[in-house]
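The chain contents come next:
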Amino acid sequence: MDLTNPTQTPNVSELLKSLGSRDDATRKMAAFKLQSLINDPSFAELFVQQGGLPMLRLLILESSGNTLAYGLASFARLLDVDQGWEAVDNAVVEKVVELVVCQPLVNILRGAMAILVAIVSKPYNEDQSLESSRPKQQIGGFSALKPAISTYPQFLEMLVSRLSSADHALCANALQLINSLMRDAITNDLETEWPKFIKRIQDLGVIKAVYMLMKGSALSDLAHPLLEFQNLTKILLRRWRDVPVDLQKPEHRRTIKAIHLSSNPEKTPGTDADADEPRKHHPRKWRRLGFSSEQPETDFETMGFLGMMDLSDYVRKNQEEFQHYLMEQLIGPEDERCPVAQASLTMTLILFEHFEVEKNEDEESKDYMALESRSHNFEKVFKPLLLHWSRLHVAGLYAFFRLWKAAGAKTSDFTKIADVVRILVESVVGGSDRTRTIEEMEKEMAASELKQLRQLQMEISDLQFEDVWGHHLQASKEELQSEATQLMSEQRIRCMMAGQWFPLEDGYTTTDLGGPVHEDDLHARVYHYRFVRLAADRCFLHWGDFEQREGPSPTTDQLPDRVDTRVISSVTSGMGDTASMSSGVAAPQGQLAKVTIHGYLPRSRDGQSNHNRTMSKTSKVSSRQERETVLLSFMPPNQDSASEWVDGLLFLLKQQPITAPTNKYINQMSDMALKVRLLNLRYNEEDGMIGGMQGTEMPQLPSREGLDEDYYYQI
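Residues numbered from 1 in each chain as written. Predicted model: local features only at pLDDT ≥ 70, side-chain atom pairs only at ≥ 80, totals over all residues. Heavy atoms only, no water.

The subject of this paragraph is the overall build of the protein. A count of helical and extended segments in the protein gives 25 helices and eleven strands. By sequence separation, contacts in the protein at least 24 residues apart represent 67% of the contacts at least 6 residues apart. (Helix = DSSP H or I, 4+ residues; strand = E, 2+ residues; numbered from the N terminus. Contact = heavy atoms within 4.5 Å.)

Okay, the packing of helix α4 (residues 52-62) against helix α5 (residues 65-80) next. Orientation of α4 relative to α5, taken along the N-to-C sense of each, is 135°, at an axis distance of 8 Å. Relative to α5, α4 is oriented oblique. α4 and α5 meet at a crossing whose hand is left-handed. Contacts from L53, L56, L59 and I60 of α4 reach α5 at T67, L68, G71, L72, S74, F75 and L78. (Axes fitted to C-alpha atoms, helices over the stretch in contact; angles between N-to-C directions. Parallel < 35°, antiparallel > 145°, perpendicular 65-115°, else oblique. Left-handed = near helix turned anticlockwise from the far one by under 90°.)

Further remarks concern the environment of F401. Inspection of the secondary structure puts F401 in helix α20 (residues 389-407). Taking the C-alpha atoms as reference points, F401 and C338, separated by 63 residues in sequence, lie 7.0 Å from one another. Contacts of F401, omitting those with residues within four sequence positions, involve Y314, Y325, C338, V340 and A343.

All right, on to the packing of aromatic side chains then. Scanning the model with the defined rule gives 18 aromatic pairs in all. A centroid spacing of 5.9 Å and a plane angle of 80° characterise the contact between Y314 and F322, whose relative ring orientation is edge-to-face. For Y314, a relative accessible area of 0% translates into the label buried. Among the aromatic residues, ring-to-ring pairing joins Y314, F322, Y325, Y398 and F401 into one connected group. (Phe/Tyr/Trp six-rings, centres within 6.5 Å; stacked < 30°, edge-to-face > 60°. Buried < 20%, exposed > 50% of the residue type's maximum accessible area, 1.4 Å probe, protein only.)

To continue, consider the nonpolar core. Core analysis: the biggest nonpolar cluster contains 148 residues, and F75, L145, F155, L163 and L181 have the highest contact counts within it. With near-sequence residues (within four places) excluded, L181 lies in contact with V120, F142, L145, F155, L156, L159 and F197. V532, V567, L631 and L652 belong to the second largest nonpolar core, which has 23 residues in total. (Core = buried A, V, L, I, M, F, W, Y, C linked by side-chain atoms within 4.5 Å.)

Considering every residue of the protein, the mean pLDDT works out to 81; 78% of them sit at 70 or more. When mean pLDDT is compared element by element in the protein, helix α17 (residues 340-354) scores highest at 95, while strand β6 (residues 578-580) scores lowest at 41. Scored below 50 in pLDDT, residues 576-591 shows 38 contacts in the model against residues more than four places distant or in partner chains. (pLDDT = per-residue confidence, 0-100.)

The next point concerns helix α13 (residues 219-242). The end-to-end C-alpha separation of α13 is 32 Å, in line with the 34 Å expected for 24 residues at 1.5 Å each. Along its length, α13 reaches its greatest deviation from straightness, about 35°, at P225. With 19 of 24 residues buried, α13 lies mostly within the body of the structure. (Expected span 1.5 Å × (residues − 1). Bend = angle between axes of the 7 residues up to and from the residue.)

For the rest of this paragraph, the subject is the environment of H224. When you line up the elements, H224 lands in helix α13. Judged by relative accessible area, H224 falls into the partly exposed class, the value being 32%. Along the primary structure H224 and A172 are separated by 52 residues, whereas in three dimensions their C-alpha atoms are 8.4 Å apart.

Inspection of the secondary structure assignment puts Q230 in helix α13. Q230 has contacts with M214, V381, F382, K383 and L386, leaving out every residue within four places of it along the chain.

This brings us to the pairing of strand β2 (residues 527-534). Counting buried residues along β2, six of its eight residues qualify, which places the element largely inside the surrounding structure. The pairing of β2 with strand β3 (residues 540-546) spans six bridges and is classified as antiparallel. If you follow R530 over to β3, its bridge partner there is D545. Turn length for the β2-β3 hairpin, with the two strands adjacent in sequence and antiparallel, is five residues, and the turn residue R538 shows positive phi of about 65°. (Pairing = 2+ DSSP bridges.)

On the secondary structure map, N90 appears in helix α6 (residues 90-102). Along the backbone, N90 and P147 are 57 residues apart, and their C-alpha atoms lie at a distance of 7.9 Å.

Taking 1.5 Å as the rise per residue, helix α24 (residues 639-652) with 14 residues should run 20 Å; its terminal C-alpha atoms sit 20 Å apart, in good agreement. Judged by how many residues are buried, α24 sits mostly within the fold: eleven of 14 residues are covered. Buried residues of α24: S641, A642, S643, W645, V646, D647, G648, L649, L650, F651 and L652, and no others. Where α24 begins, the side chain of N638 points an oxygen toward the backbone nitrogen of D640, at a separation of 3.3 Å. (Polar contact = N/O pair within 3.5 Å; in protein donor to acceptor, adjacent residues only side chain to side chain.)

This brings us to the pattern of salt bridges. Under the definition given, this model contains 24 salt bridges. For R241, the salt bridge goes to D242, with nearest N and O atoms at 2.6 Å. Given the relative accessible area of 49%, D242 is considered partly exposed. Residues R284 and E334 are paired through a salt bridge, measuring 3.1 Å at the closest nitrogen-oxygen approach. One end of the pair, R284, is in the loop between α14 (250-262) and α15 (304-317); the other, E334, is in the loop between α16 (319-331) and α17, and 50 residues separate them in sequence. For R284, a relative accessible area of 29% puts it in the partly exposed group. Each of R241, D242 and E358 takes part in a single network of salt bridges with overlapping partners. (Salt bridge = Lys/Arg side-chain N within 4 Å of Asp/Glu carboxyl O.)

This is how it looks when you write it as structure tokens:
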């Protein structure tokens, strides 16, 4: 058989003969061929049965270069199909650990790390040995690596450094090995041991390295190990949350004591610090720090040791600000003080809920399927900010303090401020994309204002209500919207009937645009004001130009010119939209400009426009007989005035309003009317309905005891 032909499949005996050859080239080619064949479980089983495992083990221990790389890859794939575990002994593990620490070649490092991932991931209740005469040893879990790591203590440091390699496959293998070590430590180590290992790799910079990879552009090559690290981070948070705070434990007692000492506590009155007798317990020792009672462990029941860690981390890294804030709080009334400890624990809970840390691994596995089916789903799946949990907690806590002060909150308002902070986290953290930095998040959270957050809270509340009840209320909403539109139509038209003065540009004369020029105008006069009024019958717009504003507003009889509303074809304005029955051109949005009324005037035989002829707005006009011209223009002094006249003219044309103020008032009136209707809903105990809508449980009706009818609704 010719092993140099890669397309020819050798039988096992010939392959074993080539692996045992003293010729390096023959042995290398056999190892190269083996790494592709060994993926087949039936071939792998036959390979082990015919004695290939000792040869492969020797290849790992004694070869070098590409031969070693092929051998490592073959052995890793053999373990993946659950074969060859009897060859995993201290010598093999130590050799592979040595390669990870000392070997610079990428192709060798990949295979070495793949072997260690398989070893660490294997449950370590399955002890096997190469020969029955050898003593059994631990071949699964992180403990299988510990003897070798004691020989090469720089192993973890080198492993973390591989995460910055330019080779994406090597990064993926290194991160996969770190994940395996973390999972094994969390699952199998004692409660006092796994936190030490996690802290060790965090001190080596694994969080920063993974954070940079998660924000990078190579996600397609690193997606699965990165997602697993993210899920392991959630498992860690759950584990810490599930550890109850017990002040009988030395570590917990030291942590809570450090929090107290960092607050610069007051000396207990009447106690000599130099006296031999122990200092008395201050009556408000823990409530001063924001705990609900003098038994602080009760406040940690919900968030466990995770809540204590977050509070301790904030106090340790921001000690001066912590002390200053406590002193500032002591100055004010007791019911206006923000409870720091409770705010910190609430912030931990908010982050816990926002990142869905409670999600179990079965649910998280769906994210793997999403990555497989849609390669561009990374933005939704990856949450790099989760890795900056502590900084997000501190930023959110500072926002809590600031919003508490801005709202002038009292102790009874704690839940309300917590709800606003929850909205802040959802909008800033939840609304950010994958590439957004933690520094940008901190700045945005620090710049948030209470008014904006309250507005956003109301909008979210409306959307939630719409999701639940919207389909039931659709008919009522449409009816109320129509009624509000009719009301605004009448209001806008009555504003036009009241009339209004409009300023004219300097130097305006009768020869300027703004209306037809009469033949009897022999001399142009300079005007400064134009008054426009809609007639009571709504058929004509009367207008006139004046040198100055006169005492009572002129009546329609005092205005020399008029426009027949029935010949109006379009209205253009500077409101950012065009209102017309035909096409028109609008001024730039936000810029107030002239309101210009266009219309089709019939031509008489002598070529002059016939103003007395009336025309239906819906009739078709022949361009050969009529021409569109400017009938009237005027300059509204402000946006509200422009809204009144633009939408008023539209209502005359039986069209919908276009300006923001009018639509805002219509929406406010319809929403307010809908809420008033909802106040009249009553619960029907017989059929379990609320105002005719099916309910699930009988709601608890609020009491009106002590209330009167003196209330108002602020728009």
